[in-house]
Amino acid sequence: MFTWLLRRLFQACFVVLAMTIIVFIGVHVIGNPVDILISPEADQAERAKIIAEMGLDRPLWQQYAYFLGGALHGDLGRSFVFNEPALKLIGGRMPATLELAVTAVLMSMCFGIPLGLYAGLKPNGILGRVIMSGSILGFSLPSFWVGLMLIMTFAVQLGWLPSTGRGETAEILGVRWSFLTWDGLRHMAMPALNLSLYNISLVLRLTRAGVRETLPMDYIKFARAKGLSPARVIFVHVLKNIMIPVVTVLGLELGTTIAFAVVTESVFAWPGMGKLIIDSINVLDRPVIVAYLMMIVLIFITINLVVDILYTVLDPRVRLETKA
Amino acid sequence: MSETAVPNHPVEESPFRRFVAEFAASKVALFGLAVFVLIALLAIFANWIGPQNPYDLAQLDIMDGRLPPGSKSVAGYTYLLGTDDQGRDMFSGMLYGLRISLAVGVGSAIFAACVGTTLGLLAAFFGRRIDTIVMRVVDLQLSFPSILVALMILAVLGKSVTNVVLALVIVEWAGYARNVRAIAMVERKREYIEAAACLALPWRRIVFRHLLPNCLPPLIVIATQQVARAIALEATLSFLGLGVPITEPSLGLLIANGYQYMLSGKYWISFYPGLALLVTIVSINLVGDHLRDVLNPRLKR
């Protein structure tokens, strides 16, 4: 186990290193680093000073070492627009994105599992078929379009929910959260539903497949023969066994949900990291772009590593030795 | 079989005829195909069908801006689906937008199929080193969500139609490579490959003339699904302002243009391009779903 963990950690570090090289090449070789790292408003003397200061006149490998050194110290440049360290800016926006993504994942369980359970128990009923067809739409509709339709229906036509923004926030441990106030929850309802639509379809299908697979099993027949109530059989014996794959997949999907929050945040003007990166790309605020890319790669590799480790801990059938 | 077959049953003998007959058995899939062909024709002949050229500024009248569907223009004809903020006919704008969306979607899917299939076939045929390298890259690529990879590429390279296609190809090739490798691994162990190897045919001939044709049916299914995904992803990127430039608006960009007016109740600028996008994606998926049933030998009766 220990050697496996060490090897896995080594691999993760290698991927991070590879990503720094790719981002470095993207910024310094393909683009012109002088344009990218120095604000366009700087005059000639300032430019020369900054070029010398940042070592842009030095050989490429030295520049890479400089970039890597800065990244290791958490220094990825200052934003041109906000004149703040890029990393701090992203860190400040992260809670909004995390709260949205976690809410979306929780919502997908709240909707997906009951719907999947119903579709699995009554596969030939009309409602069961409607649910399954609906889940195909959940997979194939572009999420930004669904978001627009939600705004059009619930904000513009019916006026039930606010269309954009984060609403009132309450502070805990120095971080502002929306889910603690009623107004914040009202603002979060539509974006979270929009973001969770894909995951709802996914959980729904997993649950349905699980139910169909579990129902003919001997231990279910035995539980029924024992005279247990149908509710107890379904909610204890069936559901318990389905939850393992559902939770694993949702854990993996958390990273994807954070990435797709880019789209939802843009539609609903939700002030998270995703909105920040899109705005930064549009005004060419490159230090923020670089910082975001490095940050999201780090998040992803961490999530993948944690899920891998949890998986081997939770499921003893996964033999680490053979995996090597 | 050929024309020398028994005259009574020539129709049933041809695999292609059988495929067509099986495909036509599903009314839903036929409907999807018909809709998609109609959309493709509309896009191809946009110049002749559209009442105005939406990008010829001389034909636009700013006085016609943001008119609801069915309004009369200053020049006298009817705007079927209304106009946008520049006074463009939405119907014409959508036809031209469809053209770009389809070209980018289909084009990137073809490129990605070529790259992914070649690498997948080589990985399966040669195994060992090549297999390990290709599959490691595929694993790495697939561990990041498509939108993120595309975002990275466009953030670094800047926005243009070529870069969007490049980003979509880079996002999609891995899916083809993984699937084709899995199929080719099975086919490689078959006798006909062994026979071809015994004839001492060069490897290029074995891979592309013998292995490839037998991997085609599943490949077609993947390609159909990938076209739909590419169109949706392109629309998303364009909606975010990272896709096609403003001079070549695809459906996604048209939707983005109408977004700000939607809050004031002028729904048609966003709604109709969105509907066109939706119909396109769903029709391709209907065809793809049925193709998967027809081409999957395990589901044959």
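Criteria and cut-off values
- Residues numbered from 1 in each chain as written.
- Chains lettered and ligands numbered in written order.
- Predicted model: local features only at pLDDT ≥ 70, side-chain atom pairs only at ≥ 80, totals over all residues.
- Heavy atoms only, no water.
- Phe/Tyr/Trp six-rings, centres within 6.5 Å; stacked < 30°, edge-to-face > 60°.
- Buried < 20%, exposed > 50% of the residue type's maximum accessible area, 1.4 Å probe, protein only.
- Lys NZ or Arg CZ within 6 Å of the ring centre and 35° of its normal.
- Patch = residues over 30% accessible without salt bridge, like charges linked within 9 Å, V, L, I, M, F, W, Y side chains within 5 Å.
- Areas by Shrake-Rupley, 256 points an atom, 1.4 Å probe, with all protein chains shown as cover.
- Salt bridge = Lys/Arg side-chain N within 4 Å of Asp/Glu carboxyl O.
- Helix = DSSP H or I, 4+ residues; strand = E, 2+ residues; numbered from the N terminus.
- Expected span 1.5 Å × (residues − 1).
- Bend = angle between axes of the 7 residues up to and from the residue.
- Axes fitted to C-alpha atoms, helices over the stretch in contact; angles between N-to-C directions.
- Parallel < 35°, antiparallel > 145°, perpendicular 65-115°, else oblique.
- Left-handed = near helix turned anticlockwise from the far one by under 90°.
- Contact = heavy atoms within 4.5 Å.
- Nonpolar A, V, L, I, M, F, W, Y, C, P; charged D, E, K, R; others polar.
- Buried area = accessible area lost by both parts, 1.4 Å probe.
- Polar contact = N/O pair within 3.5 Å; in protein donor to acceptor, adjacent residues only side chain to side chain.
- pLDDT = per-residue confidence, 0-100.

For the rest of this paragraph, the subject is the packing of aromatic side chains. Applying the stated rule across the entire model yields six aromatic pairs over all chains. Look at Phe 154 of chain A and Trp 160 of chain A: their rings are 6.0 Å apart centre to centre, the planes differ by 40°, and that puts the pair in the tilted class. Overall, the relative accessible area of 27% leaves Phe 154 of chain A in the partly exposed class. Note on Phe 125 of chain B and Phe 126 of chain B: the rings are 5.2 Å apart at their centroids and 85° apart in plane angle, and the pair reads as edge-to-face. Given the relative accessible area of 16%, Phe 125 of chain B is considered buried. An aromatic cluster is present here, built from Phe 144 of chain A together with Phe 239 and Tyr 259 of chain B joined pairwise through their rings. Above the plane of the ring of Tyr 96 of chain B lies Arg 99 of chain B, whose end atom (NZ or CZ) is 5.4 Å from the centre.

What follows is about a nonpolar patch on the surface. All names here are of chain B. Together, Leu 30, Leu 33, Val 37, Leu 41, Ile 44, Phe 45, Trp 48 and Ile 49 make up a nonpolar patch on the protein surface, roughly 750 Å² of accessible area in all. Considering each element in turn, the nonpolar patch owes the most residues, five residues, to helix 3 (residues 27–44). Note on placement: Phe 45 falls in the loop between helix 3 and helix 4 (46–49).

Moving on to the pattern of salt bridges. All names here are of chain B. Scanning the entire structure with this criterion turns up four salt bridges over all chains. In this structure, the salt-bridge partner of Arg 178 is Asp 139, at a minimum N-O distance of 2.5 Å. With Arg 178 in helix 8 (residues 161–188) and Asp 139 in helix 6 (residues 128–142), the pair connects residues that are 39 residues apart, well separated along the chain. On the basis of relative accessible area, Arg 178 is assigned to the partly exposed category, the value being 39%. Among the ionic pairs, Glu 187 bridges to Arg 190, the shortest N-O distance being 3.6 Å. You can call Arg 190 partly exposed: its relative accessible area is 38%.

The next subject is helix 10 (residues 203–239) of chain B. All names here are of chain B. The terminal C-alpha atoms of helix 10 lie 45 Å apart, and with 37 residues this falls more than 12% below the ideal 54 Å at 1.5 Å per residue. Remark: the principal bend of helix 10, roughly 50°, maps to Leu 216, with a proline, Pro 217, within the next four residues. Positive backbone phi, approximately 85°, marks Gly 241, located one or two places after helix 10.

Packed helices, taken two at a time, are described by the angle their axes make and the gap between the axes. All names here are of chain B. The contact between helix 10 and helix 12 (residues 268–295) brings their axes to 9 Å, and the two run at 165°. Taken together, the axes of helix 10 and helix 12 are roughly antiparallel relative to one another. For the crossing formed where helix 10 meets helix 12, the hand is left-handed. Between helix 10 and helix 12, the contacting residues are Pro 217, Ile 220, Val 221, Thr 224, Gln 225, Val 227, Ala 228, Ile 231, Ala 232 and Ala 235 on the first element and Leu 277, Thr 280, Ile 281, Ile 284, Asn 285, Gly 288, Leu 291, Arg 292 and Leu 295 on the second. Its residues assigned to classes, the contact of helix 10 with helix 12 comprises 13 nonpolar, five polar and one charged.

Turning our attention to the interface of chain B and chain A. One frequent convention defines the size of an interface as the accessible area lost when the parts assemble. Contact with chain B, which involves 36 residues of that partner, is made by 37 residues of chain A. Between chain B and chain A, the buried area comes to about 3100 Å², and carbon and sulfur atoms account for 84% of it. At the junction of chain B with chain A, the criterion picks out zero salt bridges. Taken together, the connections running from chain B to chain A amount to one residue pair in polar contact (both at pLDDT 80 or more). Where the side of chain B that touches chain A is concerned, the elements lending two or more residues are helix 7 (146–157), helix 10, helix 11 (251–262) and helix 12 of chain B. The biggest single contributor to the side of chain B that touches chain A is helix 12 of chain B, with 10 residues. Of the residues contributing to the side of chain B that touches chain A, the split by class is 26 nonpolar, eight polar and two charged.

Of the residues in chain A, 87% reach a pLDDT of 70 or more, and the chain-wide mean stands at 79. The spread of mean pLDDT over the elements of chain A runs between helix 13 (residues 320–323) of chain A, the lowest at 47, and helix 5 (residues 86–121) of chain A, the highest at 87.

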